[in-house]
Each structure stands twice: as structure tokens, then as C-alpha cells.
Amino acid sequence: MAERVVIIGSGPAGWTAAIYAARASLEPLVIEGAITEENRQQGTLPLGQLALTTEVENFPGFPVADLAAYLDNAIDPKKRRYMAPHAGQGVSGPELMELMRQQAVNFGARILTDDVVEIDLSSHPFSMKTLGGEQIEALSVIVATGARANYLGLKSEERFKNAGVSACAVCDGALPRFRDKPLVVVGGGDSAMEEATFLTKFGSVVYVVHRRDKLRASKIMAERALANEKIRVKWNSVVDEVLGNETDGVNGVRIRSTVDTDETEELEAAGYFAAIGHTPNTSFLSGQLETNKKGYVVWTTPARTYTSVEGVFAAGDVADDYYRQAVTAAGTGCMAALDAERWLAAKGLE
Ligand SMILES: Cc1cc2nc3c(=O)[nH]c(=O)nc-3n(C[C@H](O)[C@H](O)[C@H](O)COP(=O)(O)OP(=O)(O)OC[C@H]3O[C@@H](n4cnc5c(N)ncnc54)[C@H](O)[C@@H]3O)c2cc1C
């Protein structure tokens, strides 16, 4: 029998959609992603991007507090046993995601730990296949598969993730480790300019490392960044290695000239921010949903989560290349569940 709602993805958008759909008695099935080495390497394990970070200081409802007792009480003890102990400061990304997952389970969401690898949206009910070989039919689908930050692919980036390496200035810029210290941003597009400009609020100086002699960013963004006295552009340069140690995390970056490739320079820095774009997790869709130029799923009606296929809704970062925050993903997850519920009711498919 076809599922009434299948939610694909397990970040804030997916779990919020699951909470709303479950409370509407739609018994949603959440396909949360598979636990594979490939997903680990590209940062797409179940629970999404937020589970890759430490402190989350901007999700409403979690001021600095000791949540240890609450977490012990709120999360299934079988899962809690394997989670890192609470650090005593606000909420961590993995904690917040486990709480969202548990809340969805409490209302009756069912979970399949698997990846959707193929989907057919050309006929109704929709059908999909998972990596583990399951075939699933669905009357409605919420795509909440998120996006992943692009990194240069250096071993040293991986080594210092959560220890000075980040791909989100808005998320991490205000952390104490970056205050009044030199910081490095890699990239030359609009988002690199935005990240660098934002980081000048915290860092003593922000180096922008760019491989060419001209920025790719729009004129207005580039001019604003270049006029900021805290921003210094390292033209014609690429990052060779992120430097640091286990105690302090990142303490510098070695850059290499793209003109004279023997020429290197070490910059002292407490933070390294990759701003070279994101990749939306849409390959399983095989082009069946309309996307924008960057490959993000397009909402076809303003302020609704409708996609180009009736009965398929999109929420979170997979449909958002602009805000990319946990709270906005959760917000659109709620919208997608309500849109799906109303669409099923209108079609008499509830
Ligand atoms: C290091 C880091 C720190 C961050 N810090 C903050 C912060 O402090 N505050 C904040 O608001 N935001 C932060 N963000 C951004 C925030 O994490 C994202 O905006 C948010 O997680 C997006 O949620 P989402 O639900 O759209 O999807 P995601 O979190 O991207 O999760 C989607 C998940 O769906 C699953 N999936 C993907 N493809 C498939 C498939 N084919 N089949 C089944 N499952 C699939 C995967 O498990 C994937 O991880 C941070 C991001 C990063 C990378």
C-alpha cells in the first residue's frame, strides 16, 4: 500500500515535517539516509549538517544551560548511551538533532535508515527505490535532503573541522575562539564576500584567499568587501594547508601563489572558513524537479513549498541557497507538512 507521506531527509526540515505530519495522523515515513562511508565523507549521514557541528547558539529555545538531565530524560536511553556527554553549554548540534528525531518518533513517525537512490515522479503514486533495495510507493513526498558545504578537499580541513575550520560564518563566527583573531576565508564569489564582511565583526583581520586577480563576486558585494579596512585579499593564491595542533586547533594557513607556484606564505589565523559554495543533495531526483541554475529545487508558487510536480514538496536547504539556517529549514519543513496535508485532503487521498 502506498504511504501517504514519505519524507526524504533527516535535518531540521525533515524532522519538523515529520512532527507536523505525524500530529496530523498521516503516519509519515522518514527515510533518514544510510550510514555509509560515502555519506560520512561527504557530510550527509542521518541527522544532517547540524550534527556535524558543536555549539548551536542561534536555535531559539536553547539558551546557555545545563541540559544533561533533560537530554537523559528526553532521548531514548538506547540512543543516549552512545551520544557524547553534554558539555554544559547550551545545546550541541547532535543533541538538537536527536531531540528533533525523538520528538518525531514520539508522535508516531516511522523511520527507515536508508538512502533514496532512485525516484519516479512521472506517475502517481510516486515510487522510489532505496540503497538497501526497498521499493516504496507514496501519495505525497517531501524532499528535505539538504545540501552539503564544499571544501577544498585537504586532509587538514577534515582534521580541524570544529576546531577552527568551518563553512558557515553566520553559524560559527561569533564563537569565542575567533574573537579578535586573524581569520581566513577561501573563495571569491558573493558568499565569500558576505562571509568575510560578516567575520570582520569578530576577527582582527580577515584574509580572503582567491585564486585569481579579480573577484567573481557582484560589483556591489566586491566593492563593499574591498572597502572594509579589516579585509585583506590575497590575490592569485590558493590554500595549500590548514595549520594547527590538537590543543589549539587552527593556528594558521599556508597559501601558495598561482603565478609562481614555488612561492608560499604562512598566515597566522585562528579560523579558516571555506566559502566555495554548497552542493544540494538532489542526484536521486535525476532532474525530475525544476531546479535553479545552482541545482536547488525551485518552489513554483511564492511562499508555498510546491515543486514543479504536484504532490511533491520541498523544504530546507535543498530548496534554499540563501538563508541556509536550521531554524529556516525547520520553518519550511513545517510548511511542507501542512502543504502536503492540505493537498492530500483536497485530492481525497487522506
Ligand atoms: C558545520 C556547520 C555548522 C552549522 N551551524 C549552524 C548553526 O549553528 N545554526 C544554524 O541555524 N545552522 C547551522 N548550520 C546550517 C544548518 O545545519 C543547515 O541550514 C540545516 O541543517 C539544513 O537542514 P535541512 O533539513 O535542510 O538538511 P540537512 O541538515 O542538510 O540534512 C539533510 C539530510 O538528509 C539526508 N539525505 C540526503 N540525501 C538523501 C537521500 N537521497 N535519501 C535519504 N536521505 C538523504 C542526509 O542524511 C542529509 O544529511 C551549520 C551547517 C554546517 C555545515
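These remarks concern the structure in this document. (Residues numbered from 1 in each chain as written. Predicted model: local features only at pLDDT ≥ 70, side-chain atom pairs only at ≥ 80, totals over all residues. Heavy atoms only, no water.)

1. Some remarks on the state of the cysteines
- Under the criterion given, the structure shown has one disulfide.
- The disulfide partner of Cys 168 is Cys 171, and the S-S distance across this bridge is 2.0 Å. Because the sign of the S-S torsion sets the handedness, a value of about 65° for the bond joining Cys 168 and Cys 171 places this disulfide among the right-handed ones.
- On the basis of relative accessible area, Cys 171 is assigned to the partly exposed category, the value being 33%. (Disulfide = S-S within 2.5 Å. Buried < 20%, exposed > 50% of the residue type's maximum accessible area, 1.4 Å probe, protein only.)

2. Observations regarding the site of the ligand
- Taken together, 33 residues sit near the ligand, with Leu 45, Gln 49, Asn 58, Asp 317 and Ala 326 positioned nearest.
- The backbone of Ala 13 places a nitrogen or oxygen atom 2.8 Å from an oxygen atom of the ligand.
- In this structure, an oxygen atom belonging to the ligand sits 3.4 Å away from a main-chain N or O atom of Leu 50.
- Look at the ligand: alone it shows 1000 Å² of surface, and the protein chains cover 95% of it.
- Residue assignment for the shell around the ligand shows that the elements contributing at least two residues are helix 1 (12–23) and helix 10 (326–346).
- Residue composition of the shell around the ligand, grouped by class: 14 nonpolar, 14 polar and five charged. (Near = heavy atom within 4 Å. Polar contact = N/O pair within 3.5 Å; in protein donor to acceptor, adjacent residues only side chain to side chain. Areas by Shrake-Rupley, 256 points an atom, 1.4 Å probe, with all protein chains shown as cover. Helix = DSSP H or I, 4+ residues; strand = E, 2+ residues; numbered from the N terminus. Nonpolar A, V, L, I, M, F, W, Y, C, P; charged D, E, K, R; others polar.)

3. Here's the deal with unusual backbone geometry
- Along the chain, His 124 connects to Pro 125 via a cis peptide bond; the corresponding omega equals -5°.
- For Pro 125, the position within the fold is in the loop between strand 6 (116–120) and strand 7 (126–130).
- Although it is not a glycine, Asn 162 sits at a positive phi angle of roughly 70°.
- Note that Asn 162 resides in the loop between helix 6 (155–159) and strand 10 (165–166).
- Residue Ser 286 is not a glycine yet carries a positive backbone phi of 45°.
- The topology assignment puts Ser 286 in the loop between strand 18 (278–280) and strand 19 (312–314).
- With a relative accessible area of 57%, Ser 286 lands in the exposed category.

4. Quick word on the pattern of salt bridges
- For the structure shown, the criterion picks out 16 salt bridges.
- Note that Glu 246 is salt-bridged to Arg 159, the shortest N-O span being 2.9 Å. With a gap of 87 residues between them, Glu 246 in the loop between strand 14 (237–245) and strand 15 (249–257) and Arg 159 in helix 6 connect regions that are remote in the sequence.
- Overall, Arg 159 belongs to the partly exposed group, its relative accessible area being 47%.
- Across the pair Lys 294 and Asp 321 runs a salt bridge, and its minimum N-O distance is 3.4 Å. One end of the pair, Lys 294, is in the loop between strand 18 and strand 19; the other, Asp 321, is in the loop between strand 19 and helix 10, and 27 residues separate them in sequence.
- Judged by relative accessible area, Lys 294 falls into the exposed class, the value being 55%.
- Here Asp 321 falls in the partly exposed class, since its relative accessible area comes to 22%.
- Taken together, the shared-partner salt bridges connect Asp 240, Glu 241, Arg 254 and Arg 256 into one network. (Salt bridge = Lys/Arg side-chain N within 4 Å of Asp/Glu carboxyl O.)

5. Examining the sheet that holds strand 10
- Read across the open sheet, the five strands follow the order 10-17-11-12-13; overall the sheet is parallel. For this open sheet the edge positions go to strand 10 and strand 13 (231–234), each flanked by a neighbour on one side alone.
- Strand direction decides the pairing type here: strand 11 (residues 182–186) and strand 12 (residues 205–209), joined by five bridges, are parallel. Directly across from Val 184, in strand 12, lies its bridge partner Tyr 207.
- Across the sheet, helix 8 (residues 190–199) is in contact with strand 11, strand 12, strand 13 and strand 17 (271–274); its angle to strand 11 comes to roughly 170°. (Pairing = 2+ DSSP bridges. Contact = heavy atoms within 4.5 Å. Axes fitted to C-alpha atoms, helices over the stretch in contact; angles between N-to-C directions.)

6. A look at the sheet that holds strand 16 (residues 264–268)
- With respect to topology, three strands assemble into an open sheet ordered 14-15-16, the strand pairing being antiparallel. Sheet topology places strand 14 and strand 16 at the edges, where each strand pairs with a single neighbour. For this sheet the average axis-to-axis angle between neighbouring strands, irrespective of direction, equals 25°.

7. Examining the side chain of Thr 145
- Following the sequence through the fold, Thr 145 ends up in the loop between strand 8 (135–143) and strand 9 (147–149).
- The contacts of Thr 145, once residues within four sequence positions are left out, are Ile 8, Gly 9, Asn 281, Phe 284 and Val 318.

8. Side note on the environment of Leu 45
- Relative to the helices and strands, Leu 45 is located in the loop between helix 2 (37–42) and strand 3 (55–56).
- Relative accessible area serves as the criterion here: at 31%, Leu 45 is assigned to the partly exposed category.
- Considered as a pair, Leu 45 and Asp 115 are 70 residues apart in the sequence and their alpha carbons are 9.6 Å apart.

9. Some thoughts on the nonpolar core
- Core analysis: the biggest nonpolar cluster contains 39 residues, and Ile 7, Trp 15, Ala 18, Phe 59, Phe 62, Leu 96 and Ile 142 have the highest contact counts within it.
- Looking at this core, the elements with two or more residues in it are strand 1 (3–8), helix 1, helix 5 (93–106), strand 8 and helix 10.
- Once residues within four sequence positions are removed from consideration, Ala 18 is found in contact with Ile 7, Pro 28, Val 30, Ala 104 and Ala 109.
- Of all hydrophobic cores here, the second largest spans 23 residues; its members include Leu 29, Leu 112, Leu 285 and Val 318. (Core = buried A, V, L, I, M, F, W, Y, C linked by side-chain atoms within 4.5 Å.)

10. A look at the packing of helix 1 against helix 5
- One can describe the packing of helix 1 onto helix 5 by two numbers: an axis separation of 8 Å at closest approach and a directional angle of 25°. With respect to helix 5, the axis of helix 1 lies roughly parallel. Note on packing geometry: the crossing formed by helix 1 with helix 5 is left-handed. Where helix 1 approaches helix 5, its residues Pro 12, Trp 15, Ala 18 and Ile 19 are matched on the opposing element by Met 97, Met 100, Arg 101, Gln 103 and Ala 104.
- When the residues that make up the contact of helix 1 with helix 5 are grouped by side-chain class, the tally is seven nonpolar, one polar and one charged. (Parallel < 35°, antiparallel > 145°, perpendicular 65-115°, else oblique. Left-handed = near helix turned anticlockwise from the far one by under 90°.)

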